[in-house]
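Given next are the chains, with one letter for each unit.
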Amino acid sequence: MTIPTGSVWTFGLALLAGAGIGWAVRGLLARRTAASVRALEVELRRKDEDLKAAQALLAETSLTDALTGVHNQRFVDAAIGTLLAPARRATREGDPPPEHVALMLAEVDDFDRIDAGGREAGDALLRDTARALLPFVRGGTVVARWTETAFLVVARIRFAGEARALAARLRASVAGNVRTGEDVRPVTLSLGFSIEPLSRAHPHLASFRDHLALVDAALRRAQQQGGNRAVGWRANDEAFERAIAARGEAGVAALLRTDPAAAEAEGLISQAVERRDP
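With that settled, consider the overall build of the protein chain. Broken down by element type, the protein chain carries eight helices and eight strands. With 278 residues in all, the protein chain has 38% of them scored as buried. Considering only residue pairs separated by 6 or more positions, the protein chain has 69% of its internal contacts joining residues 24 or more positions apart. As presented, the protein chain carries roughly 15,700 Å² of accessible surface, and 57% of it is formed by carbon and sulfur atoms.

Structure follows, in structure tokens:
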């Protein structure tokens, strides 16, 4: 069969037109696909940034006490190794001595009586107390809400004696800035403190939990003595050496953690009192 010449040209033109339309369609689809991919990439980057921001916010929130805005127990548990490191670093001859770290537990006197006036009054008192403590958060000092009513202060100090001076400043700040009740009475603060290391000869003797038991016992002692004061512990190096020789470091640490009063009776530690008036 013979195909007319005109038909051949028509058929060829149709093929070319079809091919051109096909390439145009494929090009359009490719451009749309590329644009869609770019849009998807932009959207994924935005969502990734939102996710990172949400994770950062979650991390910050999980390490911060919602009521007072200071750190919480989770933060301290995560950071305590770093916080205590300045007092535990090894030294060589000629190096400056390691710093000390003061651990303090602070609680408002008569909080239960104030809180009995209503939850809002108790919450406001805790917020105001935290606000009065925060000006002292600098250069390695951390304030955290440790229990429902108590704040933990971890502070780098050059000399052990600075702990009593810091305790006095904390009490004075609360007394000068926090008020409660219709008669606007000043609020007083009691503190218990311990110094890391307890013994320079045995810098790793007391763990953080050992110190917590000591500062809690010191805080209760301050409250029993009338409140509005700080009570801490002073270590007796000679008694420590004798006790370590007899019990080992682990045995002495266990005694400090489980029965500070017995450790005091044995002469391992003695009470260091910061005067009542700020």
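The first and last C-alpha atoms of helix H2 (residues 73-88) sit 22 Å apart over 16 residues, in line with the 22 Å expected at 1.5 Å per residue. The largest bend in H2 is about 60°, located at alanine 79. Burial in H2 covers these residues: Phe75, Val76, Ala79, Ile80, Leu83, Leu84, Pro86 and Ala87. The backbone nitrogen of arginine 74 lies 3.2 Å from a side-chain oxygen of the residue at the head of H2, namely asparagine 72.

Moving on, we get to the pattern of salt bridges. Applying the stated criterion across every chain yields a total of eleven salt bridges. The shortest N-O distance in the salt bridge between glutamate 264 and arginine 221 comes to 2.7 Å. Of this pair, glutamate 264 sits in helix H8 (residues 260-265) while arginine 221 sits in helix H6 (residues 208-224), placing them 43 residues apart in sequence. The exposure class assigned to glutamate 264 is partly exposed, which follows from its relative accessible area of 25%. Residues glutamate 266 and arginine 247 are paired through a salt bridge, measuring 2.7 Å at the closest nitrogen-oxygen approach.

A word on the environment of threonine 149. Within the element layout of this structure, threonine 149 appears in the loop between strand E2 (142-145) and strand E3 (150-157). Look at threonine 149 and you get buried, because its relative accessible area is 17%. Distance from threonine 149 to leucine 126, taken between C-alpha atoms, is 7.4 Å for residues 23 residues apart in sequence. Ignoring sequence-local partners within four residues, the contact set of threonine 149 consists of Ala106, Glu107, Val108, Phe111 and Leu126. Among the polar contacts listed, one links the side chain of threonine 149 to the side chain of glutamate 107, at a separation of 2.6 Å.

So, on to the pairing of strand E1 (residues 100-108). Walk down a regular strand and you will see the side chains alternate between the two sheet faces. Judged by how many residues are buried, E1 sits mostly within the fold: nine of nine residues are covered. Alternating positions in E1 separate into two faces, His100, Ala102, Met104, Ala106 and Val108 on one and Val101, Leu103, Leu105 and Glu107 on the other, with burial throughout. Pairing geometry for E1 and E3, over eight bridges, is antiparallel. Counterpart to methionine 104 in the pairing with E3 is valine 153. As paired strands, E1 and strand E6 (residues 189-196) are joined by eight bridges and run antiparallel to one another. Across the sheet, alanine 106 pairs through a bridge with leucine 191, a residue of E6.

The next thing to look at is the side chain of histidine 202. Within the secondary structure, histidine 202 sits in the loop between E6 and H6. Looking at histidine 202, its side chain comes within polar contact range of the side chain of glutamate 249, at 2.7 Å. Once residues within four sequence positions are removed from consideration, histidine 202 is found in contact with Glu241, Ile244 and Glu249.

Here the focus is a negative patch on the surface. Taken together, the side chains of Asp237, Glu238, Glu241 and Glu249 present a region of like negative charge at the surface. Note that aspartate 237 resides in helix H7 (residues 237-258).

The element E3 is largely enclosed, with a buried count of seven among its eight residues. Pairing between E2 and E3: four bridges, direction antiparallel. Note that in E3 the partner of valine 142 across the bridge is valine 154. A loop of four residues connects E2 with E3, the two strands running antiparallel in sequence.

Below, the discussion takes up the environment of leucine 67. Within the element layout of this structure, leucine 67 appears in the loop between helix H1 (5-62) and H2. Residue classification places leucine 67 among the partly exposed residues on the basis of a relative accessible area of 22%. Placed 57 residues apart in sequence, leucine 67 and alanine 124 show a C-alpha to C-alpha distance of 9.0 Å. With sequence-adjacent residues up to four places away left out, leucine 67 is seen in contact with Asp123, Leu126, Arg127 and Arg145.

Glancing now at unusual backbone geometry. Leaving glycine out, the prevailing phi sign among residues is negative, and the prevailing peptide bond configuration is trans. The linkage connecting glutamate 196 with the following residue, proline 197, adopts the cis geometry, with an omega of 0°. Within the secondary structure, proline 197 sits in the loop between E6 and H6. The backbone of asparagine 228 sits at a positive phi, close to 55°, despite the residue not being glycine. Mapped onto the elements, asparagine 228 comes out in the loop between H6 and strand E7 (230-235). Exposure remark for asparagine 228: the relative accessible area of 15% places this residue in the buried category.

Rules of the game
Residues numbered from 1 in each chain as written. Predicted model: local features only at pLDDT ≥ 70, side-chain atom pairs only at ≥ 80, totals over all residues. Heavy atoms only, no water. Helix = DSSP H or I, 4+ residues; strand = E, 2+ residues; numbered from the N terminus. Buried < 20%, exposed > 50% of the residue type's maximum accessible area, 1.4 Å probe, protein only. Contact = heavy atoms within 4.5 Å. Areas by Shrake-Rupley, 256 points an atom, 1.4 Å probe, with all protein chains shown as cover. Expected span 1.5 Å × (residues − 1). Bend = angle between axes of the 7 residues up to and from the residue. Polar contact = N/O pair within 3.5 Å; in protein donor to acceptor, adjacent residues only side chain to side chain. Salt bridge = Lys/Arg side-chain N within 4 Å of Asp/Glu carboxyl O. Pairing = 2+ DSSP bridges. Patch = residues over 30% accessible without salt bridge, like charges linked within 9 Å, V, L, I, M, F, W, Y side chains within 5 Å. Lys, Arg positive; Asp, Glu negative; His and termini not counted. Charge placed at Lys NZ, Arg CZ, Asp CG, Glu CD.

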